[in-house]
Amino acid sequence: SSDDAIISKSLDGIITSWNAAAERLFGYRAEDMVGQSILRLVPANRHQEEQEILQRLRRGERIDHLETVRRTKDGRLLNVSVTSSPLRDKQGTIIGASKIVRDITGRKQAEEALARAYADLQQIASLAAHQLQEPVRQIGLYTQLMAAREREALDSDTHTAMNFIVEGTQ
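Read on for an overview of the structure. (Residues numbered from 1 in each chain as written. Predicted model: local features only at pLDDT ≥ 70, side-chain atom pairs only at ≥ 80, totals over all residues. Heavy atoms only, no water.)

**Digging into the overall build of the chain**
Here is step 1 of the chain: Each helix and strand counted, the chain has five helices and five strands in total.
Here is step 2 of the chain: Shown N-terminal to C-terminal, the secondary structure of the chain runs as helices and strands in the order β-β-α-α-α-β-β-β-α-α.
Here is step 3 of the chain: Compactness check: the chain gives a C-alpha radius of gyration of 31 Å against a globular reference of 15 Å for 170 residues, more than 25% above the reference.
Here is step 4 of the chain: Based on the C-alpha atoms only, the size of the chain along its principal axes is roughly 95 × 35 × 30 Å.
Here is step 5 of the chain: When each of the 170 residues of the chain is scored for burial, the buried share is 31%.
Here is step 6 of the chain: With an accessible surface of roughly 11,100 Å², the chain has 53% of that area assigned to carbon and sulfur atoms.
Here is step 7 of the chain: The chain carries 23 positive and 24 negative side-chain charges, and their two centres are separated by 10 Å. (Helix = DSSP H or I, 4+ residues; strand = E, 2+ residues; numbered from the N terminus. Rg over C-alpha atoms; globule rule 2.2 N^0.38 Å. Buried < 20%, exposed > 50% of the residue type's maximum accessible area, 1.4 Å probe, protein only. Areas by Shrake-Rupley, 256 points an atom, 1.4 Å probe, with all protein chains shown as cover. Lys, Arg positive; Asp, Glu negative; His and termini not counted. Charge placed at Lys NZ, Arg CZ, Asp CG, Glu CD.)

**Details of the packing of aromatic side chains**
Here is step 1 of the chain: In the structure shown here, the tally under the stated rule is one aromatic pair.
Here is step 2 of the chain: When the centroid spacing of 5.7 Å and the interplanar angle of 40 degrees are considered together, the rings of Trp18 and Phe26 count as tilted. (Phe/Tyr/Trp six-rings, centres within 6.5 Å; stacked < 30°, edge-to-face > 60°.)

**Focus: the side chain of Ser10**
Here is step 1 of the chain: Looking at the element boundaries, Ser10 is found in strand 1 (residues 5–10).
Here is step 2 of the chain: The exposure class assigned to Ser10 is buried, which follows from its relative accessible area of 17%.
Here is step 3 of the chain: Setting aside anything within four residues of it in sequence, one finds Ser10 in contact with Thr16, Leu54, Ile95 and Gly96. (Contact = heavy atoms within 4.5 Å.)

**Observations regarding the side chain of Asn19**
Here is step 1 of the chain: Along the chain, Asn19 falls in the loop between strand 2 (15–18) and helix 1 (20–26).
Here is step 2 of the chain: Within the local environment of Asn19, its side chain forms a polar contact with the backbone oxygen of Asp4, the two atoms lying 3.1 Å apart.
Here is step 3 of the chain: A polar contact is formed between the side chain of Asn19 and the backbone nitrogen of Ala22, at a distance of 2.9 Å. (Polar contact = N/O pair within 3.5 Å; in protein donor to acceptor, adjacent residues only side chain to side chain.)

**As for helix 4 (residues 105–149)**
Here is step 1 of the chain: With 45 residues, helix 4 should cover 66 Å at 1.5 Å per step; its first-to-last C-alpha distance of 65 Å lies within 8% of that length.
Here is step 2 of the chain: Considering bend angle alone, the principal kink of helix 4 is centred on Gln133 and spans about 35 degrees; proline Pro135 follows within four residues of it.
Here is step 3 of the chain: Those residues of helix 4 that sit buried are Thr105, Gly140, Thr143 and Ala147.
Here is step 4 of the chain: Its buried side turned inward, helix 4 meets strand 4 (77–88), strand 5 (94–103) and helix 5 (156–169). (Expected span 1.5 Å × (residues − 1). Bend = angle between axes of the 7 residues up to and from the residue.)

Spatial relationships are all this shows, so hold off on functional conclusions.
Okay, here's the thing in structure tokens:
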């Protein structure tokens, strides 16, 4: 009844169990996948990654929340988080692995959209800073010029205010 795909496999990568969530996630029925290689779900450029996972599981290691990509029956690529644990028999010998796969495509898309928005904001801020730089510099220069020219005529509060303007523009 899990919303996450739960898949068991042998140590040579052959699928031994496939739950209903795996059917929904990948589009394959259990009878299509049990007995097949797990590599059926793994894009070709990630086959080495799966071999490394199997090696770690053979050593008794657990893989927690590995973010990777898997392929559905219709060829779509999914961003997934995979947690794999070794399965042991009664004597403690590792005989396979249990894998929980969670679709994180929505989260990854949101992260990418946020990163694009952040990059756009940085570009806008940089452009705005560049566009404002010259007018602000001009305000500072003209304030300095006025303060120097009218030094004797300015009261101390006005002189202080002009100094604040010059410092602020710098």
